[in-house]
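# Topology and contacts: notes
Spelled out, the chains give:
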Amino acid sequence: MGLSSRSAVAIHALTMLARWGERTLTSAEIADSLASNPVLVRRILGSLRDAGLVWATEGRGGGWSLARPAREITLYDAYRAVEAGPILSRHPHEPSAACEVGRNIQALLEVEFQDAERAMEERLGRTTIAHLVQRTLDIERELALPNR
């Protein structure tokens, strides 16, 4: 299947919710930050809810909130909540067994792809949503400094 933009949207939404954690956000507010469609955002938020990362309140003043502290949610948690299947696409059909490359390439690539996927999972597991919020605030503070 391969990596889609769902991970980026999920991480963006989680970071928004963490940044404005004292209040709930609507899918429209999150979609505005993404310059996206609220329907797409609601789908992603639904997957995050199913994974126990966010929860929703309905009615007036309702919206989405983090279900856990931002320091306990990793980028890998977000990825896992919205992506299905392996990150790196495999052959769509069996290569030719009559070819020496075709006979062997799938097994060789499987080892390489699994190692690469584990490395990505480990890296994403080291970064929390709280870290992204802090980095965002740091960057904004740097941009607000007067030029010398």
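Description of the structure in this document. Here the structure is a predicted model, which means the values were calculated and not measured.

Cut-offs and rules
- Residues numbered from 1 in each chain as written.
- Predicted model: local features only at pLDDT ≥ 70, side-chain atom pairs only at ≥ 80, totals over all residues.
- Heavy atoms only, no water.
- Helix = DSSP H or I, 4+ residues; strand = E, 2+ residues; numbered from the N terminus.
- Rg over C-alpha atoms; globule rule 2.2 N^0.38 Å.
- Buried < 20%, exposed > 50% of the residue type's maximum accessible area, 1.4 Å probe, protein only.
- Contact = heavy atoms within 4.5 Å.
- Areas by Shrake-Rupley, 256 points an atom, 1.4 Å probe, with all protein chains shown as cover.
- Lys, Arg positive; Asp, Glu negative; His and termini not counted.
- Charge placed at Lys NZ, Arg CZ, Asp CG, Glu CD.
- Phe/Tyr/Trp six-rings, centres within 6.5 Å; stacked < 30°, edge-to-face > 60°.
- Lys NZ or Arg CZ within 6 Å of the ring centre and 35° of its normal.
- Pairing = 2+ DSSP bridges.
- Core = buried A, V, L, I, M, F, W, Y, C linked by side-chain atoms within 4.5 Å.
- Axes fitted to C-alpha atoms, helices over the stretch in contact; angles between N-to-C directions.
- Parallel < 35°, antiparallel > 145°, perpendicular 65-115°, else oblique.
- Nonpolar A, V, L, I, M, F, W, Y, C, P; charged D, E, K, R; others polar.
- Salt bridge = Lys/Arg side-chain N within 4 Å of Asp/Glu carboxyl O.

### Some details on the overall build of the protein
From N to C terminus, the protein includes 6 helices and 2 strands. Each helix (α) and strand (β) of the protein, taken in turn from the N terminus, gives the series α-α-α-β-β-α-α-α. Relative to a compact globule of 148 residues, whose C-alpha radius of gyration would be 15 Å, the protein shows 19 Å and is clearly more extended. Expressed as lengths along the three principal axes of its C-alpha atoms, the size of the protein is roughly 65 × 50 × 25 Å. The buried share among the 148 residues of the protein stands at 33%. Contacts in the protein between residues at least 24 apart in sequence constitute 62% of all its contacts with a sequence separation of at least 6. Here the protein has roughly 9500 Å² of accessible surface; of this, 55% comes from carbon and sulfur atoms. Here the protein contributes 18 positive and 19 negative side-chain charges, whose respective centroids are spaced 6 Å apart.

### A look at the packing of aromatic side chains
Following the criterion strictly, the structure yields 1 aromatic pair and no others. The cationic tip of Arg 19 hangs over the ring face of Trp 20; the distance from NZ or CZ to the ring centre is 4.1 Å.

### What to know about the pairing of strand β2 (residues 63–66)
Where strand β1 (residues 54–57) and β2 come together, 4 bridges link them in antiparallel fashion. Its bridge partner being in β2, Thr 57 is matched across the sheet by Gly 63.

### Considering the nonpolar core
Leu 14, Leu 17, Ile 30, Leu 45, Leu 48, Leu 66 and Ile 129 are the most contacted members of the largest nonpolar core, which totals 32 residues. Listed by contribution, the elements that provide at least two residues to this core are α1 (6–19), α2 (27–34), α3 (38–50), β2, α4 (75–82) and α6 (129–144). When residues of this core are assigned to their parent elements, the largest contribution, 8 residues, is made by α1. Beyond its immediate chain neighbours, meaning those up to four positions away, Ile 30 contacts Ala 13, Met 16, Leu 17, Leu 25, Val 41 and Leu 45.

### So, the packing of α1 against α6
Two quantities define a packed helix pair, namely the angle between the axes and the distance from one axis to the other. In the contact formed by α1 and α6, the axes pass within 9 Å of each other and the chain directions differ by 70 degrees. With respect to α6, the axis of α1 lies roughly perpendicular. Facing Ile 11, Leu 14, Thr 15, Ala 18 and Arg 19 of α1, the residues of α6 in contact are Ile 129, Leu 132, Val 133 and Leu 137. Here the contact of α1 with α6 is composed, by residue class, of 7 nonpolar, 1 polar and 1 charged.

### Describing the pattern of salt bridges
Summed over all chains, the structure comprises 10 salt bridges. Linking Arg 90 and Glu 110 is a salt bridge whose minimum nitrogen-to-oxygen distance equals 3.0 Å. Here Arg 90 is found in the loop between α4 and α5 (100–125), whereas its partner Glu 110 is found in helix α5, with 20 residues between them in sequence. On the accessibility criterion, Arg 90 (29% relative accessible area) is partly exposed. Taking relative accessible area as the criterion, Glu 110 reaches 27% and is therefore assigned partly exposed. Its salt-bridge partner being Asp 138, residue Arg 141 comes within 2.7 Å of it at the nearest N-O pair. Of this pair, Arg 141 and Asp 138 both sit in helix α6, separated by 3 residues, roughly a single helical turn. Through salt bridges with shared partners, one network takes in Arg 68, Asp 77 and Arg 80.

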